Amino acid sequence: MNIIVCAKQVVDVSEMKVDSSTKKPILQGVPQKISDIDKNAMEEAIKIKDKHGGKITVLTVGPADAKERIKELLAMGADEGILIPYPDKYDYHVVSTLLTEAIKKIGEYDIILCGEASIDLFSGQIGPRLAGLLGIPQITYAQSVNAEKDKITADRNMGDKSVTTESTYPVLITVTKEINEPRLPSLMQILGAANKPINDWTVESLADGLNPKIDAVELNGIPMERKNIIYKDNVDESVKNLVDSLAKEGVLR
Amino acid sequence: MVLVFSDDKKLTLEMLSKGSELAKELGKKLTAVVIGKNDDALAKEYIAHGADKVFVAETDIESFKAEEYTELLESIIKETGAETVLIGSNKNGKELAPRLASRLNTGCVTDCTNLYFKDKKLTTERIVYSGNAIAVEQFNSKPQIATIPSKVFDPLPKDDKHTGDVVKKKFDVEKSASKILKIQEMKSEGVNVEDAEIIVSCGRGFKNKDDIKLVDDLAEILKGRTVGCSRPIAADLKWLAEEHWIGLSGHKVKPKLYIAAGISGQIQHIAGMRDSGVIVAINKDPEALIFKSADYGIVGDLYEILPKLTNAVKEKMG
Ligand SMILES: Cc1cc2nc3c(=O)[nH]c(=O)nc-3n(C[C@H](O)[C@H](O)[C@H](O)COP(=O)(O)OP(=O)(O)OC[C@H]3O[C@@H](n4cnc5c(N)ncnc54)[C@H](O)[C@@H]3O)c2cc1C
Ligand SMILES: Nc1ncnc2c1ncn2[C@@H]1O[C@H](COP(=O)(O)O)[C@@H](O)[C@H]1O
């Protein structure tokens, strides 16, 4: 089974701040990580490989330091990484075209795994776009999957319903956070990952004349200021104080 | 032409309202798409709510599949020459729109919270970085596809005098290699957290499903009667239905009062309730993140606090 995991490096949104004077989000210096759900995609890939054998390739469009992130996925169990840099200007059209061309270049694939959405932009575009460009079925929001030799079944969380879908290979699957608990690699695995290859593929080798269809105009921060009055001593006192405060706020009517 | 599609009628009506505004500005017509069987009553309703035309794509497709719906919409967009396409951002729409955009080699912006023309370009606003920022973006080519979540726009009042055509066309689409084996409807109690004025939410701090009664009781006294929850309660444990789920991947709410009990306050939860009036947190961990996003908080055991709080509120409200 040849499995491709698409993984994105993102800023850790929980560490982000908004500049209170300029009202702009501060992106500089925020720690980077693998988008959370991409680790679930990786974990699922390992489970499928454990069952059927094969190879797992991690594919990332990202900056040079994303190599450190790819190493984490190699330590978890991926066999090989491919890093493609971001072109000067990009949007979902550009990134999905690059990923698609890279997948075509890899050539053999049975399953492509993506996260349900990336944790920074939360669009959920890449998965369906890749499936569309490759002309293959897509199984989104998979909450559990069962990979058999020549077909795969998934339970999908579609909000007000749960849908069980089956597909032959090749197929693109986007997974939810609930699908599994990503493993933490052992020290041995982390050291071992250093010997696994991470290939640099250039944008030019994959596509030329790529232009975004969407232009970023501006990014405005949404500051959140709260009173932060915390009662922590005696419970009865705290409850009384809270109820008095809520009454004053006028929300107890 | 501006095209609107969702398999959710309410969402279609909301989008028709925005769509007619955009169509007017462009001096173009507004078309609503119906996929499946011809439904005269539905078509009439769409026309009364602003559609100039209803395009009924008659097919024998039984259930939604993104692959097949993409093909249908691709044909409809080509046939109608639609340049602006609004798709409802429920889960079906969210997997449909980007696939459609990829087939048409075009741009797509998901979950728009605003949509307008600026310098003659369709401009979108959407929330990014888990609620920390709003990204303003513009399309530079066509067709342009935007997905719209529910409750962003209000539907137009019904106008029975508004006229429009109904066009029917049969389509054969190539069947997808995927197969739907089972569809299980989740049980719904008709809870609507989005409209609630008061919400009491529970998280992993609750040890058993039955303990949710503690938030139920408080919600009842507060006359809000609306119970919310964090993602694990709905998605992992399935103690509550999806309609209670609040956050980035759940429902966005803005009640007057939001009480979070046993919720750690991860940014993905905050993303769904940060616009609330007054936020109250109950958590036994004084370092819990939720206190940073709260106006008032009590550090302590929810099992002790909630019953006392329910009683105290009852007394206060008389
Ligand atoms: C892409 C993505 C999307 C997500 N979308 C959402 C979303 O829409 N909504 C959402 O909620 N989450 C979402 N999450 C998950 C989110 O990151 C958190 O994991 C989740 O919100 C945690 O839920 P919780 O606070 O209930 O549980 P926990 O984080 O486990 O917190 C439980 C809290 O209860 C407290 N506690 C325990 N016992 C008691 C007691 N007896 N009395 C008082 N307090 C107690 C603990 O101190 C702790 O703070 C998303 C995550 C990702 C990656
Ligand atoms: N730059 C990228 N490189 C590789 N995979 C990506 C990239 N961006 C998004 N993805 C994949 O697409 C999923 C959805 O991302 P998004 O469309 O940004 O919400 C992610 O969980 C990844 O699996």
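Residues numbered from 1 in each chain as written. Chains lettered and ligands numbered in written order. Predicted model: local features only at pLDDT ≥ 70, side-chain atom pairs only at ≥ 80, totals over all residues. Heavy atoms only, no water.

Time to look at the site of ligand 2. All names here are of chain A. Surveying the vicinity of ligand 2 reveals 19 residues, the closest of which are Cys6, Asp38, Tyr92, Ser118 and Gly124. One of the backbone N or O atoms of Ser123 is found 3.1 Å from an oxygen atom in ligand 2. Coverage of ligand 2 by the protein chains reaches 99% of its 480 Å² of free accessible surface. Looking at the shell around ligand 2, the elements that each hand over two or more residues are β6 (55–61), α3 (92–106) and β8 (111–115). Taken together, the residues that form the shell around ligand 2 break down as eleven nonpolar, six polar and two charged. (Near = heavy atom within 4 Å. Polar contact = N/O pair within 3.5 Å; in protein donor to acceptor, adjacent residues only side chain to side chain. Areas by Shrake-Rupley, 256 points an atom, 1.4 Å probe, with all protein chains shown as cover. Helix = DSSP H or I, 4+ residues; strand = E, 2+ residues; numbered from the N terminus. Nonpolar A, V, L, I, M, F, W, Y, C, P; charged D, E, K, R; others polar.)

Let's shift gears to the interface of chain A and chain B. Contacts between chain A and chain B engage 79 residues on the former and 84 residues on the latter. For the pair chain A and chain B, the summed buried area comes to about 7,300 Å², and 57% of that belongs to carbon and sulfur atoms. Joining chain A to chain B, the criterion identifies seven salt bridges. Residue Asp236(A) is joined to Lys308(B) by a salt bridge in which the shortest nitrogen-to-oxygen separation is 3.2 Å. Of all the elements in the fold, those that place two or more residues in the side of chain A that touches chain B are α4 (126–134), β9 (138–147), β10 (152–157), β11 (161–167), β14 (214–221), β15 (229–231) and α6 (235–249) of chain A. With eleven residues, the single largest contributor to the side of chain A that touches chain B is α6(A). Along the lines of polarity and charge, the residues of the side of chain A that touches chain B split into 36 nonpolar, 24 polar and 19 charged. Judged from the three bridges that link them, β15(A) and strand β16 (residues 296–299) of chain B form a sheet pairing that is parallel. Residue Ile229(A) lies in a different strand from β16(B), and its bridge partner there is Tyr296(B). (Contact = heavy atoms within 4.5 Å. Buried area = accessible area lost by both parts, 1.4 Å probe. Salt bridge = Lys/Arg side-chain N within 4 Å of Asp/Glu carboxyl O. Pairing = 2+ DSSP bridges.)

Before going further, it helps to spend a moment on the domain arrangement of chain B. The extent of an interface is frequently quoted as the accessible surface area lost upon association of the parts. Residue and element names in this part refer to chain B. The domain boundaries assigned to chain B delineate domain 1 (2–170) and domain 2 (193–316). Distance between the C-alpha centres of domain 1 and domain 2: 34 Å. Between domain 1 and domain 2, the contact holds six residues from the first and seven residues from the second. When domain 1 packs against domain 2, the two sides together hide about 530 Å² of surface, and 43% of this comes from carbon and sulfur. Considering only the side of domain 1, the residues that lose the most area to domain 2 are Ser130, Gly131 and Lys151, jointly responsible for 76% of the buried surface there. Taken together, the links from domain 1 to domain 2 amount to two salt bridges. Between Asp195 and Lys151 there is a salt bridge, with its nearest N and O atoms 3.8 Å apart. (Domains from an automatic or database assignment.)

Taken together, 30 residues surround ligand 1, and among them Ser230(B), Ser249(B), Ser264(B), Gln268(B) and Asn283(B) come closest. The site occupied by ligand 1 is bordered by residues of chains A and B. At a separation of 3.1 Å, an oxygen atom of ligand 1 approaches a polar side-chain atom of Trp245(B). Between Gln268(B) and ligand 1, the recorded distance is 2.6 Å, taken from a side-chain N or O atom to an oxygen atom. Considering ligand 1 on its own, with 980 Å² of exposed area, one finds that the protein chains cover 86% of that surface. Where the shell around ligand 1 is concerned, the elements lending two or more residues are α1 (36–52) of chain A together with α6 (231–236), α7 (267–273) and α8 (302–317) of chain B. The residue inventory of the shell around ligand 1, partitioned by class, reads ten nonpolar, 13 polar and seven charged.

Further remarks concern the sheet that holds β14(A). The antiparallel open sheet is built from four strands, whose spatial order is β14(A)-β8(B)-β7(B)-β6(B). Single-partner strands in this sheet number two, and they are β14 of chain A together with β6 (112–118) of chain B. Put simply, the sheet's adjacent strands are angled 25° from each other on average, direction ignored. Taken together, the six bridges between β6(B) and strand β7 (residues 121–128) of chain B define a ladder with antiparallel strand orientation. The partner of Lys118(B) across the bridge, within β7(B), is Lys121(B). Running over the sheet, helix α1 (residues 9–26) of chain B touches β6 and β7 of chain B and is turned about 10° from β6(B). (Axes fitted to C-alpha atoms, helices over the stretch in contact; angles between N-to-C directions.)

The omega torsion of the bond from Tyr169(A) to Pro170(A) falls at -5°, within 30 degrees of zero and hence cis. Within the element layout of this structure, Pro170(A) appears in the loop between β11 and β12 (171–175). Note that the residue after Lys142(B), namely Pro143(B), is joined by a cis bond; omega there is -5°. You can see Pro143(B) is positioned in the loop between β8 (133–139) and β9 (144–148). One non-glycine residue, Lys23(A), lies in the positive phi region at around 60°. The topology assignment puts Lys23(A) in the loop between β3 (17–18) and β4 (25–26).

A few words on the state of the cysteines. Tallying each qualifying case throughout the model produces zero disulfides over all chains. No disulfide involves Cys6(A); its nearest neighbouring cysteine sulfur is the one of Cys114(A), lying 4.1 Å away. The cysteine Cys229(B) is free of any disulfide, with Cys202(B) supplying the nearest cysteine sulfur at 5.6 Å. (Disulfide = S-S within 2.5 Å.)

With that out of the way, let us pick up the packing of aromatic side chains. Counted under the stated rule, the structure contains five aromatic pairs over all chains. Measuring from ring centre to ring centre gives 6.3 Å for Phe206(B) and Tyr303(B), while their planes differ by 50°; the resulting arrangement is tilted. In this pair, Phe206(B) sits in the loop between β12 (198–202) and α5 (213–221) while Tyr303(B) sits in helix α8, placing the two residues 97 residues apart along the sequence. In this structure Phe206(B) comes out as buried when scored by relative accessible area, which is 2%. Put simply, the rings of Phe5(B), Phe64(B) and Tyr69(B) touch in pairs and so form one group of aromatic residues. Just above the ring of Trp201(A) sits the side chain of Lys105(A); from NZ or CZ to the centre is 4.2 Å. (Phe/Tyr/Trp six-rings, centres within 6.5 Å; stacked < 30°, edge-to-face > 60°. Buried < 20%, exposed > 50% of the residue type's maximum accessible area, 1.4 Å probe, protein only. Lys NZ or Arg CZ within 6 Å of the ring centre and 35° of its normal.)

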